[in-house]
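# Remarks on the overall topology
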Amino acid sequence: MKKGTIFYFYDALCGWCYGFSPVMMEVYEKYKDEYDFQVISGGMMTGERAGPIGEVAPFIKDGYKQVEERSGVKFSEAFLKDILEEGSTEFTSIPTAVALSVFKQHKPQEQVAFASRLQKAIYFDAIQPMDTEAYGKMAEEFGLNGEEFIAQMQDKKIVEQSFEEFSVCQQIGVNGFPTLAVDKGEGKLYAIARGYVPLEMVEENLKNL
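Let me sum up the structure you'll find in this document. Each chain has its residues counted from 1, following the order in which its sequence is written. Per-residue local features are limited, in this predicted model, to residues with pLDDT of at least 70; the limit for side-chain atom pairs, both in listing and counting, is 80 or more; totals at the level of whole chains, interfaces and linings are taken over all residues. With hydrogens and water excluded, all non-hydrogen atoms of the structure serve as input to the side-chain values.

## Overview of helix α4 (residues 77–85)
Basically, it comes down to this: Burial status follows relative accessibility: with a 1.4 Å probe on protein chains alone, a residue under 20% of its type maximum counts as buried, one over 50% as exposed, and anything between as partly exposed. Per the convention used, a helix needs a DSSP run of H or I reaching at least four residues, while a strand needs a run of E reaching at least two, with both numbered from the N terminus. It is the directions from the helix axis to the C-beta atoms that the arc portrays. Note on contacts: a residue pair qualifies if any of its non-hydrogen atoms lie within 4.5 Å across the two residues.
Within α4, burial applies to Phe79, Leu80, Ile83 and Leu84. Looking straight down α4, one finds its buried side chains confined to an arc of 115°; they lie on one side. When the buried face of α4 is taken as reference, the exposed residues oriented beyond 90 degrees from it are Glu77, Lys81, Asp82 and Glu85. Its buried side turned inward, α4 meets α2 (53–56), α3 (60–71) and α6 (111–123). With its phi angle positive at about 90°, Gly87 sits one or two positions after the end of α4.

## Focus: empty space enclosed by the protein
We apply this condition: Throughout, the protein atoms alone are placed on a 1 Å grid, and a set of points is a cavity if a 1.4 Å probe fits but cannot get out or a pocket if it is open with protein on both sides within 12 Å along at least five of seven lines; lining residues have an atom within 4 Å of a point. Grid points are joined across faces, edges and corners, and a volume is the space filled by probe spheres set on the points. The nonpolar class holds Ala, Val, Leu, Ile, Met, Phe, Trp, Tyr, Cys and Pro. Asp, Glu, Lys and Arg form the charged class, and all remaining residues, Gly among them, are polar.
Counted according to the given criterion, the structure contains one cavity of 30 Å³ or more. Of the pockets and cavities examined, the largest cavity occupies roughly 30 Å³. As for the largest cavity, its lining consists of Tyr8, Ser21, Met24, Met25, Val112, Ala115, Ser116 and Gln119. Elements supplying a minimum of two residues to the lining of the largest cavity: α1 (15–31) and α6. The element best represented in the lining of the largest cavity is α6, accounting for four residues. Here the lining of the largest cavity is composed, by residue class, of five nonpolar, three polar and no charged.

## Side note on the side chain of Ser101
With respect to the helices, strands and loops of the structure, Ser101 is situated in helix α5 (residues 94–106). Residue classification places Ser101 among the buried residues on the basis of a relative accessible area of 2%. Those residues in contact with Ser101 that lie beyond four places of it in its chain are Ile158, Gln161, Ser162 and Glu165.

## Quick word on a nonpolar patch on the surface
What counts, and what does not: Patches were defined on residues exceeding 30% relative accessible area and lacking a salt bridge, with like-charge contacts within 9 Å and nonpolar side-chain contacts (Val, Leu, Ile, Met, Phe, Trp, Tyr) within 5 Å. Values of accessible area rely on a 1.4 Å probe in the Shrake-Rupley scheme; residue burial ignores everything except the protein chains shown. Salt bridges are defined as contacts in which a side-chain nitrogen from Lys or Arg sits within 4 Å of a carboxyl oxygen from Asp or Glu.
Judged by side-chain polarity, Val168, Ile172 and Leu189 come together as a nonpolar surface patch covering roughly 230 Å² of accessible area. Tracing the chain through its elements places Leu189 in strand β6 (residues 189–194). Classification of Leu189 by relative accessible area gives partly exposed; the value is 39%.

In short, geometric facts, not functional conclusions.
This is the structure:
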């Protein structure tokens, strides 16, 4: 019997996705034998929405507290002071999306874990999204060659794949992150989570399918 697929529409710069990350990892661990998993980058901070974090994402200053309260996930002091408060870090979704695209070429079965690692890198390790070297170090944590990984991030085809993922989200009407949807093998998508929800709700919605 053909396995279904759980699609995780997310953005590494999405604070609520960061809060949802532990739930997503639990979903993956519990259902990886029943479903394939695909992580799709949403391109939340691109075009006119990208720029210095102090200008394009002031909502994080209030929003992060809500994420912490609901999810229990913490934003580090390094991020809050050195990135958010300082305000000049270029906030763009493209580098993280490209890094994920490269990673999926090598270890597609670990893409959920790498997506989670990217979120931790932004909101806990406080890397700058444009810091290409940081992605090479993360790749090494998963057993990949860091220098080769960085070189592949410059590949135009890989970059195009990332933009195609952004387009997919728009075409199917994903207008918020995180969004979790299931294809039971019929070519139809059924949403089982929009925004942050606890594991129990994801499982209930999955069973109701």
